[in-house]
Amino acid sequence: MTKEKVLVIGASGQIGVELTLALRKIYGNANVVASDLREENELLKGTGPYVSLDVMNKEMLHVQVIRQNITQIYLLAAILSATGEKNPNLAWHLNMQGLLNVLDIAREEKLHKVYWPSSIAVFGPTSPKQACPQRTIIEPSTVYGISKYAGEFWCNYFFERYGVDVRSIRYPGLISYKSAPGGGTTDYAVEIFHEALEDGKYTCFLKEDTYLPMMYMPDAIRATIELMEAPSARLTVRTSYNVSALSFAPREIAAEIKKHIAGFDMSYSPDYRQKIADSWPESIDDSVARADWGWKPEYDLARMTKEMLENLK
Ligand code: NAD
Ligand code: AKB
């Protein structure tokens, strides 16, 4: 078996830190190179190689891939929904060109596999609100969603035309305690834990009854690794897989936190992110991922809340 050497781009971000640590357990510390535009995350320091890298600089990226004998790339560098609405051109540029740079290099260097996440943000106001299916009407209304939907089809194109083994998941909002979220609409579901523990109160930027699909980070990391380890022949989706775990509204997570912090006080002050949240489905149908590669979530709202509070304390 060929030795795998993995490059994680965007390794200092919310997913990158935990995914890099998980990949280092599988492939060995020295065989997973973490990279980011910003400095190495504290949790990664001393656990394996780190290089400073801008995914927009294709030449430098190509040099690193050759120099380090990279066989797989996990591309996590992106601008998320809320930040994207503040700077649409930058979001489009990074989210598209970063992906195209990686796909081109993967084709030229015959990389074994590429991972690139999409998002539930591909869905828009005309998509079904409940149990949104794998294949349905997709008319995204954010620049982030547009870039993810276009990206999904680039992945499919590179697979069909050049045989690049690129795999993808449409993550819901991810909840984690190790590294901070990076400018999304679902970030409230992380902030709430920090502020509940620090101040005993939180002002939510979404309305109390805004249901959104969510997932606890250990489930997301496991989903990613299970998809990447699945036999290629079993995968029927080469755009991006729906995966589902939780669906809750701000008032429901507040009620769950109150079970642990009795005096916790939640108030609401919706801002521009409400419109983004309103354009997304409330829940996701992930039956294709379940059938193709055996996906199944482990965490419900109660278990996730308990673990988040215990770990953040
Ligand atoms: P994040 O913002 O926390 O991390 C992204 C990282 O990319 C940051 O550390 C940033 O410094 C780095 N980066 C930015 N520009 C770069 C560049 N030019 N070159 C190299 N690195 C650069 O994001 P995240 O939440 O970890 O998301 C990772 C991926 O997962 C993204 O594609 C995102 O769209 C997707 N996703 C995330 C969520 C979520 O809830 N976190 C949900 C759905 C999809
Ligand atoms: C965001 O809110 O932008 C992300 C996502 C769902 O893609 N968390």
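### Description of the nonpolar core
So, step 1. Core analysis: the largest hydrophobic core is formed by 38 residues, its most contacted members being Ile-175, Tyr-188, Phe-193, Phe-248, Ile-253, Phe-264 and Met-304.
So, step 2. Looking at this core, the elements that each hand over two or more residues are helix H6 (188-198), strand S10 (201-204), strand S11 (212-216), strand S13 (246-248), helix H8 (250-258), helix H9 (273-278) and helix H11 (301-312).
So, step 3. Two domains each donate at least three residues to this core, and these are domain 1 (6-122 + 138-171) and domain 2 (173-214 + 244-312).
So, step 4. If we ignore the near neighbours within four places in the chain, the residues touching Phe-248 are Ile-175, Tyr-188, Ala-189, Thr-210, Tyr-211, Leu-212, Met-214, Ile-253, Leu-301 and Met-304.
So, step 5. Within the second largest apolar cluster, 33 residues are counted, among which are Val-6, Val-17, Ala-230 and Trp-293.

### Considering the sheet that holds strand S2 (residues 32-36)
So, step 1. The strand order across the open sheet built from six strands is S3-S2-S1-S4-S5-S7, with neighbouring strands paired in parallel fashion. At either margin of the open sheet sits one strand with a lone partner, and together these are strand S3 (50-52) and strand S7 (166-167).
So, step 2. The sheet contact formed by S2 and S3 spans three bridges and is parallel. Note on S3: the bridge partner recorded for Ala-34 is Tyr-50.

### Quick look at the site of ligand 1
So, step 1. Among the 26 residues in the neighbourhood of ligand 1, the closest are listed as Gln-14, Asp-36, Asp-54, Tyr-144 and Lys-148.
So, step 2. In this structure, Gly-13 approaches ligand 1 through a main-chain N or O atom, which is 3.2 Å from an oxygen atom.
So, step 3. Taking 830 Å² as the accessible area of ligand 1 by itself, protein coverage stands at 92%.
So, step 4. For ligand 1, the cavity whose grid points lie within 2 Å of the majority of its atoms is the largest pocket.
So, step 5. For the shell around ligand 1, the per-class residue count stands at 14 nonpolar, eight polar and four charged.
So, step 6. Split by domain, the residues of the shell around ligand 1 number at least three in each of domain 1 (6-122 + 138-171) and domain 2 (173-214 + 244-312).

### Some remarks on the pattern of salt bridges
So, step 1. Here the structure, examined in full by the defined rule, presents 13 salt bridges.
So, step 2. The salt bridge partner of Arg-273 is Asp-271, with a shortest N-O separation of 2.6 Å.
So, step 3. Residue class for Asp-271 comes out partly exposed when judged on its relative accessible area of 28%.
So, step 4. Between Asp-286 and Arg-290 there is a salt bridge, with its nearest N and O atoms 2.8 Å apart.
So, step 5. Taking the relative accessible area as the measure of exposure, Arg-290 reaches 37% and is therefore partly exposed.
So, step 6. Within the structure, one salt-bridge network assembled from shared partners comprises Asp-219, Arg-222, Glu-226 and Glu-298.

### Overview of the domain arrangement of the protein
So, step 1. Assigned domains of the protein: these are domain 1 (6-122 + 138-171) and domain 2 (173-214 + 244-312).
So, step 2. For domain 1 and domain 2, the distance between their C-alpha centroids amounts to 24 Å.
So, step 3. Where domain 1 abuts domain 2, roughly 1,600 Å² becomes buried across the two surfaces, and 63% of that area is made up of carbon and sulfur atoms.
So, step 4. Counting the surface domain 1 buries against domain 2, the share from its top three residues, Gln-14, Glu-18 and Ile-120, is 40%.
So, step 5. Counting the contacts that link domain 1 with domain 2 gives zero salt bridges.
So, step 6. Taken together, the connections running from domain 1 to domain 2 amount to eight residue pairs in polar contact (both at pLDDT 80 or more).
So, step 7. When residues of the side of domain 1 that touches domain 2 are traced back to their parent elements, those giving at least two are helix H1 (14-27), helix H3 (81-86) and strand S8 (169-171).
So, step 8. Looking at which element gives the most residues to the side of domain 1 that touches domain 2, the answer is H3, with five residues.
So, step 9. Partitioning the side of domain 1 that touches domain 2 into residue classes produces nine nonpolar, seven polar and three charged.

### Quick notes on H8
So, step 1. All of the buried residues in H8 are Pro-250, Ile-253, Ala-254, Glu-256 and Ile-257. All buried residues of H8 fall inside an arc of 160 degrees around its axis, so they share one side.
So, step 2. Residues of H8 that are buried in the fold lie against H6, S10, S13, strand S14 (265-268) and H11.

### Considerations on the packing of aromatic side chains
So, step 1. In the structure shown here, the tally under the stated rule is 12 aromatic pairs.
So, step 2. Ring centres of Trp-154 and Tyr-157 lie 5.7 Å apart, and the angle between their planes is 85 degrees; on these two criteria the pair is classed as edge-to-face. Here the residue Trp-154 and the residue Tyr-157 both occupy positions in helix H5 (residues 143-162), the gap between them amounting to three residues, near one helical turn.
So, step 3. Grouped by ring-pair contacts, the aromatic residues Trp-154, Tyr-157, Phe-158 and Tyr-162 constitute a single cluster.
So, step 4. For Arg-273, the ring lying beneath its charged end belongs to Phe-205, and the centroid distance is 3.5 Å.
So, step 5. Directly above the ring of Tyr-299 sits Arg-303, whose terminal nitrogen or CZ lies 4.0 Å from the centroid.

Conventions and cut-offs
Each chain has its residues counted from 1, running along the sequence as written. Naming scheme: in the order in which they are written, chains are lettered from A and ligands are numbered from 1. Thresholds applied to this predicted model are a pLDDT of at least 70 for local features of residues and 80 or more for the giving and counting of side-chain atom pairs; totals over whole chains, interfaces and linings are not thresholded and use all residues. The basis for every side-chain value is the complete set of non-hydrogen atoms in the structure, without hydrogens or water. As used here, the term nonpolar core means buried Ala, Val, Leu, Ile, Met, Phe, Trp, Tyr and Cys residues forming a set that is joined through side-chain atoms within 4.5 Å. Each residue's exposure class comes from its accessible area (1.4 Å probe, protein chains only) as a fraction of the maximum for that residue type: buried when under 20%, exposed when over 50%, partly exposed otherwise. Numbering of helices and strands starts at the N terminus; helices are DSSP runs of H or I of at least 4 residues and strands are runs of E of at least 2. Either an automatic procedure or a domain database provided the assignment from which the domain bounds are taken. We call two residues contacting when some pair of their heavy atoms lies within 4.5 Å. The pairing criterion for strands is at least two bridges between them, as found by DSSP. Residue proximity to a molecule or strand is established when one non-hydrogen atom of the residue lies within 4 Å of it. Polar contact is defined as a pair of N or O atoms within 3.5 Å, subject to the rule that within protein one atom must be able to donate a hydrogen and the other to accept it, and that residues adjacent in sequence are counted only when both atoms are side-chain atoms. Note on areas: Shrake-Rupley with a 1.4 Å probe; residue coverage comes only from the protein chains shown. The way it works is a 1 Å grid over only the protein atoms, where trapped points that fit a 1.4 Å probe form a cavity and open points with protein on both sides within 12 Å along at least five of seven lines form a pocket, and then any residue with an atom within 4 Å of a point lines it. Molecules are considered to sit inside a cavity or pocket once more than half of their atoms lie within 2 Å of its grid points. Ten residues, namely Ala, Val, Leu, Ile, Met, Phe, Trp, Tyr, Cys and Pro, are considered nonpolar, four, namely Asp, Glu, Lys and Arg, are considered charged, and the remaining ones, Gly among them, are considered polar. We define a salt bridge as a side-chain nitrogen of Lys or Arg found within 4 Å of a carboxyl oxygen belonging to Asp or Glu. When two components associate, each loses some accessible surface as probed by a 1.4 Å sphere; the sum of these losses over both components is called the buried area. The directions considered for the arc are those from the helix axis to the C-beta atoms. Between rings of Phe, Tyr and Trp, where Trp is taken as its six-membered ring, a pair exists when centres lie within 6.5 Å; planes separated by under 30 degrees are stacked, by over 60 edge-to-face, and by other angles tilted. As a reminder, the over-ring test applies to NZ of lysine and CZ of arginine, requiring each to be within 6 Å of the ring centre and within 35 degrees of the ring normal.

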